[in-house]
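Topology and contacts: notes
The lines below spell out each chain.
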Amino acid sequence: MGKFRRILEPGLNFLIPFLDRVGYVQSLKELAIDIPKQSAVTLDNVTLNIDGVLYLKVSDPYLASYGVEDPEFAITQLAQTTMRSELGKISLDKVFRERENLNYAIVESLNKASASWGLICFRYEIRDIKLPNRVQEAMQMQVEAERKKRAAILDSEGIREADINVAEGKRQSTILASEAEQQEQINKAQGEANALLAVAEAKAKGIRLIADALKQTDGYNAASLKIAESYVEAFGKLAKSTNTVIIPSNTSDVSSMVTQAMSIYKSLTNKSKQSRRSSEEDK
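Summary of the structure given here. No experiment lies behind these values; they were computed from the predicted model shown.

Check the secondary structure of the chain and you find seven helices and three strands. Along the chain, helices and strands appear, N-terminal first, in the series β-β-α-α-α-α-β-α-α-α. Evaluated residue by residue, the chain yields a buried proportion of 19% over its 283 residues. Sequence separation of at least 24 residues holds for 67% of the intrachain contacts in the chain that already meet a minimum separation of 6.

What follows is about the nonpolar core. Formed by 31 residues in total, the largest nonpolar core has its most connected members in Leu54, Ile75, Leu110 and Tyr124. Residue assignment for this core shows that the elements contributing at least two residues are strand 1 (30-41), strand 2 (47-58), helix 2 (71-87), helix 3 (92-97), helix 4 (99-114) and strand 3 (119-130). Broken down by element, the residue count for this core peaks at six residues, all from helix 2. Once residues lying within four places of it in the same chain are set aside, the contact partners of Tyr124 are Ile35, Asp51, Gly52, Val53, Leu54, Ala79, Met83, Asn103, Ile106 and Val107.

The end-to-end C-alpha distance of helix 4, which contains 16 residues, comes to 22 Å, matching closely the 22 Å that a straight helix rising 1.5 Å per residue would cover. Of all the residues in helix 4, the buried ones are Leu102, Asn103, Ile106, Val107, Leu110 and Ser114. Seen end-on, helix 4 carries its buried residues on one side only, within an arc spanning 135°. Turned more than 90 degrees away from the buried face of helix 4 sit Asn101, Tyr104 and Lys112, all of them exposed. Packing partners of the buried residues in helix 4 comprise strand 2, helix 2 and strand 3.

Among the surface-exposed residues, Phe4, Ile7, Tyr24, Tyr62 and Tyr66 lie close enough to one another that they form a single nonpolar patch of about 490 Å² accessible area. Checked against the element boundaries, Tyr66 lands in helix 1 (residues 61-66). Look at Tyr66 and you get partly exposed, because its relative accessible area is 44%.

With antiparallel pairing, the three strands of this open sheet are ordered in space as 1-2-3. Each edge of the open sheet is held by one strand with a lone partner, namely strand 1 and strand 3. Taking the axes of each pair of neighbouring strands and ignoring which way they run, one obtains an average angle of 25° across the sheet. Pairing of strand 2 with strand 3 involves 10 bridges; the strand directions are antiparallel. The residue bridging Tyr55 from the neighbouring strand is Arg123, located in strand 3. Along the sheet, helix 2 contacts strand 1, strand 2 and strand 3; its crossing angle with strand 1, the most-contacted strand, is approximately 40°. Helix-sheet contacts for helix 4 involve strand 2 and strand 3, and the interaxial angle to strand 3 is about 140°.

Moving on, we come to the side chain of Thr42. Along the chain, Thr42 falls in the loop between strand 1 and strand 2. A polar atom in the side chain of Thr42 sits 2.4 Å from the side chain of Asp44.

Another point: the pattern of salt bridges. Applying the stated criterion to the full structure yields seven salt bridges. Across the salt bridge formed by Lys89 and Glu86, the nearest N and O atoms sit 3.6 Å from each other. On the basis of relative accessibility, which here comes to 13%, the residue Glu86 falls in the buried class. Two residues, Arg171 and Glu168, come together in a salt bridge whose shortest N-O distance is 2.7 Å. One end of the pair is Arg171 and the other is Glu168, both in helix 5 (residues 133-215) and three residues apart, which spans about a single turn.

Here the focus is the pairing of strand 1. Examined bridge by bridge, strand 1 and strand 2 share 10 bridges and lie antiparallel to one another. The residue of strand 2 that forms the bridge with Ala32 is Tyr55.

Glancing now at unusual backbone geometry. A negative phi holds for most residues other than glycine; trans holds for most peptide bonds. With a phi close to 60°, Asn45 is a non-glycine residue in the positive phi region. Residue position: Asn45 is located in the loop between strand 1 and strand 2.

Calculation notes
As a convention, each chain's residues are numbered from 1 in the sequence order in which they are written. For a predicted model such as this one, the threshold for reporting local features is a pLDDT of at least 70, and the threshold for listing and counting side-chain atom pairs is 80 or more; totals across whole chains, interfaces and linings nevertheless cover every residue. By convention in this description, side-chain values take in all heavy atoms of the structure and omit both hydrogens and water. The way it works is that DSSP assigns letters per residue, a run of H or I at least four long becomes a helix, a run of E at least two long becomes a strand, and they are numbered from the N terminus. Think of it in three bands: residues with accessible area under 20% of the maximum for their type are buried, residues over 50% are exposed, and the middle band is partly exposed, with areas taken using a 1.4 Å probe on protein chains only. A contact between two residues is defined here by any heavy atoms of the two lying within 4.5 Å. To define a nonpolar core, start from buried Ala, Val, Leu, Ile, Met, Phe, Trp, Tyr and Cys residues and group those joined through side-chain atoms within 4.5 Å. To estimate the expected span of a helix, subtract one from its residue number and multiply by 1.5 Å. Directions from the helix axis toward the C-beta atoms define the arc. Residues enter patches when they are more than 30% accessible in relative terms and free of salt bridges; like-charged ones are connected within 9 Å and nonpolar ones (Val, Leu, Ile, Met, Phe, Trp, Tyr) within 5 Å. Where accessible areas are quoted, they stem from the Shrake-Rupley method and a 1.4 Å probe; at the residue level, only the protein chains shown are allowed to cover. We count a salt bridge whenever a side-chain nitrogen from Lys or Arg sits within 4 Å of a carboxyl oxygen from Asp or Glu. Pairing between two strands requires that DSSP report at least two bridges joining them. Fitted lines through C-alpha atoms serve as axes, helices being fitted only where they are in contact, and the angles separating the N-to-C directions of these axes extend from 0 to 180 degrees. N or O atoms closer than or at 3.5 Å make up a polar contact, with two conditions inside protein: a donor-capable atom paired with an acceptor-capable one, and, for residues adjacent in sequence, both atoms drawn from side chains.

The following block contains the structure:
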């Protein structure tokens, strides 16, 4: 007779005719409610047209029937106002980046208010976000500019890497060329040193042979003969390289020239012997 008496459980129930009647029927299944499209202003004063889907369930049939006149209408209006409030706290860029956090904040706010209506909100999903044409064009230009910027950066990095590789190649080539030139100079210097050493050793060996020959019997006569031959050979080369000829006064006297050369040799030999003796006495 218009007064609440009990909640009928699923299954078989008995009612008193003319006294009992079913006042409200509530579905305990999870419901998906469309949130109509609405306008909302972000923190940076951009107007958005946004809609969504709310997933909820009746947790207390009594409160859902007697706590509010139309629970679906009430939760829909609350979802719209909550969504406008949450969008006003963030900028346009964060709406797309923090979409999941925005949905979570709306669900938390709805559950606080809908507890007295016997409803539980599980999740809220933003379905569509429509931007003004000018804002959409500006965002498109921003995306294109960002892509051009990345392309320019990648292009410059490629050119830089290419220049670095070319410079590195030139440096390695220069180093290898200098090392090759250095090695060539070292080899050349070693060759010249070995040649000079060989010539010096040959001269020293020749001098030793001459000295040993002079110590032998008739060595003095052999040296005189060699000097005479050299004199004749040198005299025969006169006037071959130049027109000016200086001829000694006694060109026919070969023996005197040989005697003079041998005297010079003897004086040098005596000086060498005297220096050896003095050095031995000092020791």
